[in-house]
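# Descriptive structure summary
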Amino acid sequence: MLSISPTDRMFILCGAGVSAESGIPTFRGVGGLWRNYRIEDVASPDAWRRDPRLVWEFYSMRRKVASAAKPNPAHFALAKLERILGDRLFLCTQNVDNLHEQAGSKRVIHMHGELFKSRCDTCHRPPFDDANLYEPPTEIPRCPCGGQIRPHICWFGEVPFALNQIYAALDDCAIFMAVGTSGVVEPAASFVAYVHGQARTLYVGPEHPANVSSFTECHLGNAGEVLPRLLGL
Ligand code: OAD
């Protein structure tokens, strides 16, 4: 079991593997989304300029899948950990679903955005809750300013959200744990190297991530089984 002292700050980085046991496909594994869709067609600013309907078709499909999903024991263990550690836990997820919140987590940083939020591609109106499905033949929704409403997602070529907060939390952490992420997408893949020499670093997932050499410990297995055991929750 992981021992966390009363002053330790912990940074947890989650990836698609955390939601895999809830039935949400990962990106790069067998059956992964990027085996069936091309990133440049559905998840880039160019794709949005070229064919916003195709982009909405992809995110509407993902909204449907995610709205049927329920949190699994990994999400519940992390919510319990937040109740114990309070603001000494910094939970940073690359996932855009809301399963951490459904499990009871209150402070989740969604560095790649949120599936059930949209925003205007033109004006600075803040992102807003939106669970609608915009599938063809539906028109692309419009903002009162005339801009087009897009998913509140960080696409390839865009800057992830909350990076200042994230690096401040990395600077302060004594324990860094990555769960269910393949370690190939930057900047998240380099967080573990960033805390090298400062924090104990653990990985949880069924296989070694690409950046395995930067971790001091690897706990192989599914997040829903390993996390509750490792955290003693
Ligand atoms: P990947 O699909 O690249 O990796 C998923 C990881 O989860 C793999 O390392 C699997 O071994 C692991 N995994 C599978 N089942 C698991 C389970 N039950 N428990 C724990 N781990 C499991 O997904 P990410 O690393 O999250 O970004 O991908 C990072 C980013 O790339 C995503 O946020 C997304 C994607 O393109 C954007 O769309 C901006």
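Right, let's walk through the structure included here. (Residues numbered from 1 in each chain as written. Predicted model: local features only at pLDDT ≥ 70, side-chain atom pairs only at ≥ 80, totals over all residues. Heavy atoms only, no water.)

### Focus: the sheet that holds strand 9 (residues 217-220)
Sheet architecture is open: six strands sit in the order 3-2-1-7-8-9, paired in parallel fashion. Each end of this open sheet is capped by a strand with a single partner; those strands are strand 3 (108-110) and strand 9. Neighbour-to-neighbour, the strand axes of this sheet turn through a mean angle of 20°, independent of strand direction. Two strands pair when backbone bridges link them, and strand 7 (residues 175-179) and strand 8 (residues 200-205) are joined in this way by five bridges, in the parallel orientation. Residue alanine 178 lies in a different strand from strand 8, and its bridge partner there is tyrosine 203. Strands in contact with helix 8 (residues 163-172) are strand 1 (10-14), strand 2 (89-93), strand 3 and strand 7; relative to strand 2, the strand with the most contacts, it is inclined by about 135°. (Pairing = 2+ DSSP bridges. Helix = DSSP H or I, 4+ residues; strand = E, 2+ residues; numbered from the N terminus. Axes fitted to C-alpha atoms, helices over the stretch in contact; angles between N-to-C directions. Contact = heavy atoms within 4.5 Å.)

### Here we look at the nonpolar core
Core analysis: the biggest nonpolar cluster contains 26 residues, and Trp34, Trp56, Tyr59 and Trp155 have the highest contact counts within it. When residues in this core are grouped by element, the largest group, five residues, is from helix 5 (residues 52-67). With sequence-adjacent residues up to four places away left out, tryptophan 155 is seen in contact with Val42, Ala43, Ser44, Pro45, Trp48, Val55, Tyr59 and Arg150. Of all hydrophobic cores here, the second largest spans 23 residues; its members include Met10, Ile12, Val18 and Leu78. (Core = buried A, V, L, I, M, F, W, Y, C linked by side-chain atoms within 4.5 Å. Buried < 20%, exposed > 50% of the residue type's maximum accessible area, 1.4 Å probe, protein only.)

### What to know about the packing of helix 6 (residues 73-85) against helix 10 (residues 223-231)
Contact geometry of helix 6 with helix 10 gives a least axis separation of 7 Å together with a crossing angle of 25°. By the angle between their directions, the pair helix 6 and helix 10 is classed as roughly parallel. Here the hand of the crossing between helix 6 and helix 10 comes out left-handed. Where helix 6 approaches helix 10, its residues Pro73, Ala74, Ala77, Leu78 and Leu81 are matched on the opposing element by Ala223, Gly224, Leu227, Pro228 and Leu231. Looking at side-chain class alone, the contact of helix 6 with helix 10 contains nine nonpolar, one polar and no charged residues. (Parallel < 35°, antiparallel > 145°, perpendicular 65-115°, else oblique. Left-handed = near helix turned anticlockwise from the far one by under 90°. Nonpolar A, V, L, I, M, F, W, Y, C, P; charged D, E, K, R; others polar.)

### Considering the packing of aromatic side chains
For any pair of aromatic rings, geometry is given as the distance between the ring centres together with the angle between the planes. This structure, assessed with the given rule, holds 15 aromatic pairs. Seen in terms of ring centroids, phenylalanine 11 and phenylalanine 176 are 5.6 Å apart; in terms of plane orientation they differ by 25°. Their pairing is stacked. Taken as a pair, phenylalanine 11 in strand 1 and phenylalanine 176 in strand 7 lie far apart in primary sequence, 165 residues in all. There is no split in this pair, since phenylalanine 11 and phenylalanine 176 are both buried. Consider the rings of phenylalanine 11 and phenylalanine 191, whose centres lie 6.0 Å apart with planes at 75°: the pair is edge-to-face. Of this pair, phenylalanine 11 sits in strand 1 while phenylalanine 191 is found in helix 9 (residues 191-194), placing the two residues 180 residues apart along the sequence. A single burial state applies to phenylalanine 11 and to phenylalanine 191, both of which are buried. A network of ring pairs unites the aromatic residues Phe11, Phe90, Tyr167, Phe176, Phe191, Tyr194, Tyr203 and Phe215 as a single cluster. Here arginine 150 stacks its cationic end above the ring of tryptophan 155, 3.8 Å away from the centre of that ring. (Phe/Tyr/Trp six-rings, centres within 6.5 Å; stacked < 30°, edge-to-face > 60°. Lys NZ or Arg CZ within 6 Å of the ring centre and 35° of its normal.)

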